[in-house]
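Now for the letters of each chain:
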Amino acid sequence: MRKLILGFYVSLDGKSADADNGIRDVMMSIDDPEQEKYFVDQLWDAGAFLMGRNTYEIMAGYWPNSDHPSAKAMNEIPKVVFSRTLTSADEWPETRIASGDTAEEIAKLKAEPGKDLVAAGGTEFMHSLIKLGVVDEYRLWVLPAATGKGAALFPELDQPVNLRLVKSTAFASGVLELVYTTAD
């Protein structure tokens, strides 16, 4: 069975890379070829890239014409956009729409053969996956900046999510990758 890995860029104070808090600008300003290669290699290991509709609309307008080091992987790996309103995902090759119940759609994807699933982008979508309890691994990319505002990594929860650190990787730029699995 495939795992669902949640990839998330956060500030040192645990805020997401929202467009309005400056963390996305910090993320885009970091020049670290070693970290970029590491990230792209991980993209190629994804069996599918999962996202919500808002993230899809932004990425579908960017990646197909980008020369960014991640572009080839982002354009070629299969993608699944979760939306009950989209009727077509033709703007970005290798993309299909999952319009059913999110937990059921995730269960189907996990049961398919292939490499692990990676979900990224869109705080609302990430929060829904966390609340549903379908995340098997958290891959947090901690950026060397604090914002003091923005959406928290974790939504308000009915009960704690117990995690176990399984890997940490530090990069010269100050970016830190922390990989946690659910402790249950």
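Scope of this entry: the structure provided in the associated data block. (Residues numbered from 1 in each chain as written. Predicted model: local features only at pLDDT ≥ 70, side-chain atom pairs only at ≥ 80, totals over all residues. Heavy atoms only, no water.)

**Some remarks on the sheet that holds strand E7 (residues 163–170)**
Strand order in this open sheet of eight strands is E4-E3-E2-E5-E1-E6-E8-E7, and the pairing throughout is mixed. The open sheet has two edge strands with one neighbour each: strand E4 (95–98) and E7. Each strand of the sheet is rotated relative to its neighbour by a mean of 25°, with strand direction disregarded. The pairing of strand E6 (residues 137–142) with strand E8 (residues 176–182) spans six bridges and is classified as antiparallel. Within the sheet, the bridge partner assigned to Arg139 lies in E8 and is Val179. Where helix H3 (residues 53–62) meets the sheet, its contacts fall on strand E2 (48–52), strand E3 (79–82), E4 and strand E5 (117–120), and the angle it forms with E2 comes to roughly 115°. (Pairing = 2+ DSSP bridges. Helix = DSSP H or I, 4+ residues; strand = E, 2+ residues; numbered from the N terminus. Axes fitted to C-alpha atoms, helices over the stretch in contact; angles between N-to-C directions. Contact = heavy atoms within 4.5 Å.)

**Section: the side chain of Lys79**
When you line up the elements, Lys79 lands in strand E3. Buried within the structure, Lys79 lacks any salt-bridge partner; Glu94 is the closest side chain of opposite charge, at an N-O distance of 6.4 Å. Those residues within four positions of Lys79 in sequence are excluded, and the remaining contacts are Phe49, Met51, Met74, Trp92, Pro93, Glu94, Thr95 and Arg96. (Buried < 20%, exposed > 50% of the residue type's maximum accessible area, 1.4 Å probe, protein only. Lys, Arg positive; Asp, Glu negative; His and termini not counted. Salt bridge = Lys/Arg side-chain N within 4 Å of Asp/Glu carboxyl O.)

**Digging into the pairing of E8**
Note that E7 and E8 share seven bridges and pair antiparallel. Directly across from Thr169, in E8, lies its bridge partner Glu177. Between E7 and the antiparallel strand that follows it, E8, lie five residues; Gly174 among them carries a positive phi value of about 100°.

**Concerning unusual backbone geometry**
Even without glycine at this site, Glu94 takes up a positive phi of about 65°. On the secondary structure map, Glu94 appears in the loop between E3 and E4.

**Considering helix H2 (residues 33–44)**
Here H2 is twelve residues long and its end C-alpha atoms lie 17 Å apart, about the 16 Å a rise of 1.5 Å per residue gives. Turning to H2, its buried residues number three or more, namely Gln35, Tyr38, Val40, Gln42 and Leu43. Those residues of H2 hidden inside the fold are in contact with strand E1 (4–10), helix H4 (71–76), E6, E7 and E8. (Expected span 1.5 Å × (residues − 1).)

**Thoughts on the nonpolar core**
In terms of nonpolar packing, the biggest core is built from 24 residues, with Leu4, Leu50, Phe82 and Leu129 touching the most fellow members. The residues contacting Phe82, other than those within four sequence positions of it, are Leu50, Met51, Gly52, Arg53, Ala98, Thr102, Glu105, Ile106, Leu109 and Phe125. Grouped together as the second largest cluster of nonpolar side chains are 19 residues, Phe49, Trp92, Val118 and Ala120 included. (Core = buried A, V, L, I, M, F, W, Y, C linked by side-chain atoms within 4.5 Å.)

**Regarding the packing of aromatic side chains**
Counted by the stated rule, this structure contains ten aromatic pairs. Ring centres of Tyr62 and Trp63 lie 4.9 Å apart, and the angle between their planes is 75°; on these two criteria the pair is classed as edge-to-face. Ring centres of Tyr138 and Phe154 lie 5.4 Å apart, and the angle between their planes is 45°; this geometry places the pair in the tilted category. Separated by 16 residues along the polypeptide, Tyr138 in strand E6 and Phe154 in the loop between E6 and E7 bring together distant segments of the chain. Here the aromatic cluster, defined as three or more aromatic residues joined through ring pairs, consists of Tyr9, Tyr38, Phe39, Trp141 and Phe171. Just above the ring of Trp92 sits the side chain of Lys79; from NZ or CZ to the centre is 4.7 Å. (Phe/Tyr/Trp six-rings, centres within 6.5 Å; stacked < 30°, edge-to-face > 60°. Lys NZ or Arg CZ within 6 Å of the ring centre and 35° of its normal.)

**Considering the pattern of salt bridges**
Throughout the structure, instances matching the rule amount to ten salt bridges. Residue Lys37 pairs with Asp41 through a salt bridge whose shortest N-O separation is 2.8 Å. Here the residue Lys37 and the residue Asp41 both occupy positions in helix H2, the gap between them amounting to four residues, near one helical turn. Salt-bridge contacts for Glu177 lead to Arg139; the nearest nitrogen and oxygen are separated by 3.7 Å. Highlighted residues: Glu177 in strand E8 and Arg139 in strand E6, separated in sequence by 38 residues.

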